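Coordinates in review
One letter stands for each residue in the lines below.
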Amino acid sequence: EGTYTPAPHWTVDLNGHGEFLPGASSRGIDGRLTWRPASRLDLSLDGGSLERPLELRFQDAGVQYAGGSAAYRIDDRWQVGATVDRYWDSRDRPDAASFDWDQWRMSARVSLTLKSDADRWLPPARPQATSP
């Protein structure tokens, strides 16, 4: 995975993975482009692909997705957001049970970040004692 910030208001995130051992392996990639036009607002475009070759079975499955999201930070602890994604899911089989399961997904969220000031009252850690 990697993150690149080409300009102060832009961030690019790319992630890839692969699992190749016996059993149901997978490989995929996904990415996100985020633009922060104001200090409290993030707008993002997302997309990715996941292939799931189902070993010891007679079908392969894959999904691709694309979408967008917006998040607004009300203050340091509260955030609201919304997401719209489109998924294209397919199961490749040689018989009549082959199907595609495409769908739209929409969500809205309210987030509260819990934090504490208790740690600021702790004394600093002592250095580890060394033996002569």
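Residues numbered from 1 in each chain as written. Predicted model: local features only at pLDDT ≥ 70, side-chain atom pairs only at ≥ 80, totals over all residues. Heavy atoms only, no water.

1. A look at the packing of aromatic side chains
Basically, it comes down to this: In this analysis, rings of Phe, Tyr and Trp, with Trp reduced to its six-membered ring, are considered paired at centre separations within 6.5 Å, and the interplanar angle assigns stacked below 30 degrees, edge-to-face beyond 60, and tilted for intermediate values. Helix and strand definitions follow DSSP, with helices as H or I runs of at least four residues and strands as E runs of at least two, each counted in order from the N terminus. Partly exposed residues are those whose accessible area sits between 20% and 50% of the maximum for their type, while under 20% is buried and over 50% is exposed, using a 1.4 Å probe and protein chains only.
A complete count under the given rule lists 2 aromatic pairs for this structure. Relative to Trp35, the ring of Trp10 has its centre 5.8 Å away and its plane inclined at 20°; by these criteria the two rings are stacked. Placement of the pair is Trp10 in strand β2 (residues 10–19) and Trp35 in strand β3 (residues 26–38), with a sequence separation of 25 residues. Judged by its relative accessible area of 35%, Trp35 is partly exposed.

2. Things to note about a nonpolar patch on the surface
The condition that has to hold: Patch membership is restricted to residues that have no salt bridge and whose relative accessible area is over 30%. Joining uses 9 Å for like charges and 5 Å for the nonpolar side chains Val, Leu, Ile, Met, Phe, Trp and Tyr. Exposure was quantified through the Shrake-Rupley algorithm and a 1.4 Å probe, taking into account, for residues, occlusion by the shown protein chains and nothing else. Counted as salt bridges are all cases of a side-chain nitrogen of Lys or Arg within 4 Å of a carboxyl oxygen of Asp or Glu.
A cluster of nonpolar side chains, namely Tyr72, Ile74, Trp78, Val80, Val110, Leu112 and Leu114, defines an oily patch on the protein surface of about 670 Å² accessible area. At the level of elements, β6 (78–92) and β8 (103–112) are the ones that each hand at least two residues to the nonpolar patch.

3. Concerning the pattern of salt bridges
Per the stated rule, a full pass over the model turns up 3 salt bridges. With a shortest N-O distance of 2.5 Å, Asp46 and Arg32 are connected by a salt bridge. A residue pair is termed long-range when its members are at least 10 positions apart, and Asp46 in strand β4 (residues 41–53) and Arg32 in strand β3 qualify at 14 residues. Take Asp46: its relative accessible area is 13%, and that puts it in the buried class. Arg73 is the salt-bridge partner of Asp42, the closest N and O atoms lying 3.2 Å from each other. Taken together, the positions of Asp42 in strand β4 and Arg73 in strand β5 (residues 60–73) put the pair 31 residues apart, joining distant regions of the chain.

4. Regarding the side chain of Thr34
Worth spelling out the cut-off: Think of a polar contact as two N or O atoms within 3.5 Å of one another; within protein, one of them needs to be a possible hydrogen donor and the other a possible acceptor, and neighboring residues in sequence only count if both atoms come from side chains. Contacts were defined at the residue level, with two residues in contact if any of their heavy atoms lie within 4.5 Å.
Position of Thr34 relative to the elements: it lies in strand β3. Side-chain polar atoms of Thr34 contact the side chain of Ser44, separated by 3.0 Å. Once you skip the residues sitting within four places of it in the chain, Thr34 turns out to touch His9, Trp10, Thr11, Asp42, Leu43 and Ser44.

5. Some points on the environment of Ser107
Following the sequence through the fold, Ser107 ends up in strand β8. Using a relative accessible area of 39% as the deciding quantity, one classes Ser107 as partly exposed. Taking the C-alpha atoms as reference points, Ser107 and Ser69, 38 residues apart in sequence, are found 9.3 Å from one another. Ignoring anything within four residues of it in the chain, the contact list for Ser107 reads Gly81, Ala82 and Thr83.

6. Some points on the side chain of Asp46
A distance of 2.5 Å separates the side chain of Asp46 from the side chain of Arg32, its partner in a polar contact. What Asp46 contacts, discounting residues up to four positions off in sequence, is Gly31, Arg32, Tyr65, Ala66, Gly67, Gly68 and Ser69.

7. Brief notes about the pairing of β2
As a reminder, the rule being used: Pairing between strands is defined by DSSP: at least two bridges between them are needed.
Alignment of strand β1 (residues 2–7) against β2, held across 4 bridges, turns out to be antiparallel. Bridge pairing in β2 places Thr3 opposite Asp13. Alignment of β2 against β3, held across 10 bridges, turns out to be antiparallel. Within β3, the residue paired with Gly16 across the bridge is Ile29.

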